Amino acid sequence: MEQVGYITKILPENKCKVLVSRISGCKGTCKTCSGCPTPTMHIVMKKTLDVAVGDYVKIGVDSSIVLKYSIFLYGFPLLMFMLSIVLVNVIFPNLKGIDIIGFLVGVVTMILAFFVVKLVDKKYAHLSTKAMYMEQKISKKDI
């Protein structure tokens, strides 16, 4: 997965601020809907190339880090949902209406797992920039 970024500011400690467009499902070029607006955001990256303000860079993304994060983001709540249903059925096997109770406990557990994911994401959000790196400096005409 690659993106193009625009250097907006050089920061201390060999870092820089890069303006990138968020990746969307559609590329914003559909003629039937006249394109979707893709919001931009600033990211702070390690300055690994000789770049200056106003330069364009190709940004690479480490797919393994993104995949691990996606598995945690979606897999953890799903795992907690299924695990809680199984535990309710094992602990209370003779309870009347166990299927509905297990489902409700599973939904509550999954909601709690989403809050855990949100807390973990907030605590380790600064590590997300390690998944991105500058591949090469490019000219404006190559965009």
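Residues numbered from 1 in each chain as written. Predicted model: local features only at pLDDT ≥ 70, side-chain atom pairs only at ≥ 80, totals over all residues. Heavy atoms only, no water.

Quick word on the overall build of the protein chain
Within the protein chain, the regular secondary structure consists of two helices and five strands. Each helix and strand of the protein chain, ordered N terminal to C terminal, gives the series β-β-β-β-α-α-β. Across the protein chain, every contact between residues at least 6 apart in sequence was considered, and the portion connecting residues at least 24 apart equals 66%. (Helix = DSSP H or I, 4+ residues; strand = E, 2+ residues; numbered from the N terminus. Contact = heavy atoms within 4.5 Å.)

So, the nonpolar core
Grouped together as the largest cluster of nonpolar side chains are 12 residues: Ile7, Cys16, Val18, Val20, Ile43, Met45, Val51, Val57, Ile59, Val61, Met132 and Met134. If you list the elements that add at least two residues to this core, you get strand E2 (15-21), strand E3 (40-46), strand E4 (56-61) and strand E5 (132-138). Non-local contacts of methionine 134, meaning those with residues more than four positions away in its chain, are made with Ile7, Cys16, Val18, Met45, Lys46, Lys47, Thr48, Leu49, Val51, Val57 and Lys58. (Core = buried A, V, L, I, M, F, W, Y, C linked by side-chain atoms within 4.5 Å. Buried < 20%, exposed > 50% of the residue type's maximum accessible area, 1.4 Å probe, protein only.)

Brief notes about helix H1 (residues 63-91)
Helix length check: H1 (29 residues) gives 40 Å between terminal C-alpha atoms against 42 Å at 1.5 Å per residue, within 8%. Roughly 35° is the biggest bend found in H1, and it falls at glycine 75, with proline proline 77 one to four residues downstream. Along its buried surface, H1 packs onto helix H2 (98-123). (Expected span 1.5 Å × (residues − 1). Bend = angle between axes of the 7 residues up to and from the residue.)

A short note on the environment of methionine 82
Structurally, the position occupied by methionine 82 is in helix H1. Residue class for methionine 82 comes out partly exposed when judged on its relative accessible area of 45%. Sequence spacing of methionine 82 and methionine 110 is 28 residues, and the spatial spacing of their C-alpha atoms is 8.8 Å.

Observations concerning the UniProt feature "transmembrane region" (unreviewed entry) in the protein chain
In the numbering used here, UniProt assigns the "transmembrane region" (unreviewed entry) feature to residues 71-92 and 98-120. In residues 71-92, helix accounts for 95% and strand for 0%; the two terminal C-alpha atoms are 30 Å from one another. Taken end to end, residues 98-120 is 100% helix and 0% strand, and its first and last C-alpha atoms sit 32 Å apart. (UniProt positions renumbered as here; feature names shortened; annotations may be inferred.)

Let's talk about the packing of aromatic side chains
A complete count under the given rule lists three aromatic pairs for this structure. Their ring planes at 55° and their centres at 5.0 Å tell us that tyrosine 6 and tyrosine 56 sit as a pair that is tilted. One end of the pair, tyrosine 6, is in strand E1 (residues 2-11); the other, tyrosine 56, is in strand E4, and 50 residues separate them in sequence. Residue class for tyrosine 6 comes out partly exposed when judged on its relative accessible area of 30%. Ring centres of phenylalanine 72 and phenylalanine 76 lie 5.7 Å apart, and the angle between their planes is 25°; on these two criteria the pair is classed as stacked. Taken together, the residues phenylalanine 72 and phenylalanine 76, both in helix H1 and four residues apart, mark about one turn of the helix. Using a relative accessible area of 27% as the deciding quantity, one classes phenylalanine 72 as partly exposed. (Phe/Tyr/Trp six-rings, centres within 6.5 Å; stacked < 30°, edge-to-face > 60°.)

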